Amino acid sequence: MLSKTVGLIKDTPNYFLNMQRLFLTLLFLLPITLTHGKTKLDVDLARTYIIWQKAMVNKDFRAWDSIVASERKKEVRNRIHSEKFGFPSQIFVVPVQPPAVKDLKMLQSKASGDFAKAVFFGKVDFNVGGEPTDNILVVSYQNQANYWRFVKAEYINLTSLPDVRKQIMKGDLSYLKHPDFEPAPYKRKNTIELKGAVPIIAKVYGYCPGREVKVVFNDRSNHLFQNTKEADVAVGGAATGANNIQMAIKSLPGGQKNEPLCVRVYLFSQVNGVKPIKAYEYLVPEGGKVKSVNIGNFNVTPEMVKTLQGK
């Protein structure tokens, strides 16, 4: 949620040690102290988020690189290269400004091994105008080289849950007794690590009311669609010539097992005015028979490549 080329820096323990001076300097700049009722974990997790948030607002790559968990950095880099954007500048191209937490209340902080999660509550402000309301911000962390590194932040809008909002404001935190608010290991969906832009930008599209569809594209890009209609960037992109797609499909609780289903792969151009090309489609009409496992193949032809290049 909260998603030109320069030399890439390897994520190694030595690198973390080399970045300690910058990291410690940033710590001294942050006015966070242990106050009554605050644990060391509370302060450490809040500090990490503040460093990340300030790095995003100030477009400070050195600070961002020092505070983000290594696996998360690889995931961000993979997505940027898969859409042929510039790295690291595209890191800071986000639809909204990450909210500050200085005026939010930390409802909960928990750690389990090398992973932690903090839950903030208050007027979460994305600086998009209007009056912010009381909502929840959940931040996940990973401990590397003895520091809590930022993994991701998730926003929960309580507008449709007014009773939950009232409960929290009264000090009732029973809503947080759910696995989603517990620290959990973070693992990238895709194990490859891209070093540069992909040959062809591709996106996997899924329309699957009442169903779950797991997709593996070209044996490296993993996608999960659940009762949704959305498109997801294919990590590693498409290749000229042969490409493959694998799908595992099952009905979700409450599904009717007769809903329509569609999975497609689109190829995208960077040339203005060139429309996406539908390179693959698995389509089942309403009431049609859906196979639980599907394997498909398609070719990206030289003619398709010329079209994408605007020729």
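Residues numbered from 1 in each chain as written. Predicted model: local features only at pLDDT ≥ 70, side-chain atom pairs only at ≥ 80, totals over all residues. Heavy atoms only, no water.

A look at unusual backbone geometry
Okay, step 1: Backbone torsion omega between Phe 87 and Pro 88 reads 10 degrees, so that peptide bond is classified as cis.
Okay, step 2: Considering the arrangement of structural elements, one finds Pro 88 in the loop between helix H5 (70–82) and strand E1 (105–112).
Okay, step 3: Even without a glycine there, the phi angle at Asn 146 is positive, about 65 degrees.
Okay, step 4: With a relative accessible area of 71%, Asn 146 lands in the exposed category. (Helix = DSSP H or I, 4+ residues; strand = E, 2+ residues; numbered from the N terminus. Buried < 20%, exposed > 50% of the residue type's maximum accessible area, 1.4 Å probe, protein only.)

Quick word on the confidence of the model for the chain
Okay, step 1: Across the chain, the average pLDDT comes to 90, with 88% of residues at or above 70.
Okay, step 2: Segment residues 1–35: pLDDT under 50, and 66 contacts once partners within four positions in sequence are set aside and those in other chains are kept. (pLDDT = per-residue confidence, 0-100. Contact = heavy atoms within 4.5 Å.)

Side note on the pattern of salt bridges
Okay, step 1: By the definition in use, this model includes 19 salt bridges.
Okay, step 2: Taking the shortest distance from any N to any O, the salt bridge between Arg 79 and Asp 232 comes out at 3.9 Å. Taken together, the residues Arg 79 in helix H5 and Asp 232 in strand E8 (residues 229–233) connect sequence positions 153 residues apart.
Okay, step 3: The exposure class assigned to Asp 232 is buried, which follows from its relative accessible area of 16%.
Okay, step 4: Two residues, Glu 259 and Arg 211, come together in a salt bridge whose shortest N-O distance is 3.9 Å. Of this pair, Glu 259 sits in the loop between strand E9 (241–251) and strand E10 (261–268) while Arg 211 sits in strand E6 (residues 211–217), and the two are 48 residues apart along the sequence.
Okay, step 5: In this structure Glu 259 comes out as buried when scored by relative accessible area, which is 12%.
Okay, step 6: Among the charged side chains, a salt-bridge network with shared partners connects Arg 79, Glu 83, Lys 189, Lys 203 and Asp 232. (Salt bridge = Lys/Arg side-chain N within 4 Å of Asp/Glu carboxyl O.)

Remarks on the pairing of strand E12 (residues 293–300)
Okay, step 1: Here E12 shows a clear split, with Asn 294, Gly 296, Phe 298 and Val 300 buried on one side and none of Val 293, Ile 295, Asn 297 and Asn 299 buried on the other.
Okay, step 2: Strand direction decides the pairing type here: E9 and E12, joined by 8 bridges, are antiparallel. From the neighbouring strand, Gln 246 faces E12, where its bridge partner is Ile 295. (Pairing = 2+ DSSP bridges.)

Some words on the sheet that holds strand E2 (residues 115–123)
Okay, step 1: Spatially, the 4 strands line up as an open sheet ordered E1-E2-E3-E4, and their pairing is antiparallel. A strand with exactly one partner marks an edge of an open sheet, and here the two such strands are E1 and strand E4 (147–156). Across this sheet, the average inter-strand angle for adjacent strands is 20 degrees, counted without regard to direction.
Okay, step 2: Pairing between strand E3 (residues 134–144) and E4: 9 bridges, direction antiparallel. Across the sheet, Gln 144 pairs through a bridge with Tyr 147, a residue of E4.
Okay, step 3: Packed on one face of the sheet, helix H3 (residues 40–58) meets E1, E2, E3 and E4 and runs near 75 degrees to E4.
Okay, step 4: Here helix H6 (residues 162–169) sits on the sheet in contact with E1, E2 and E3, set at roughly 70 degrees to E3. (Axes fitted to C-alpha atoms, helices over the stretch in contact; angles between N-to-C directions.)

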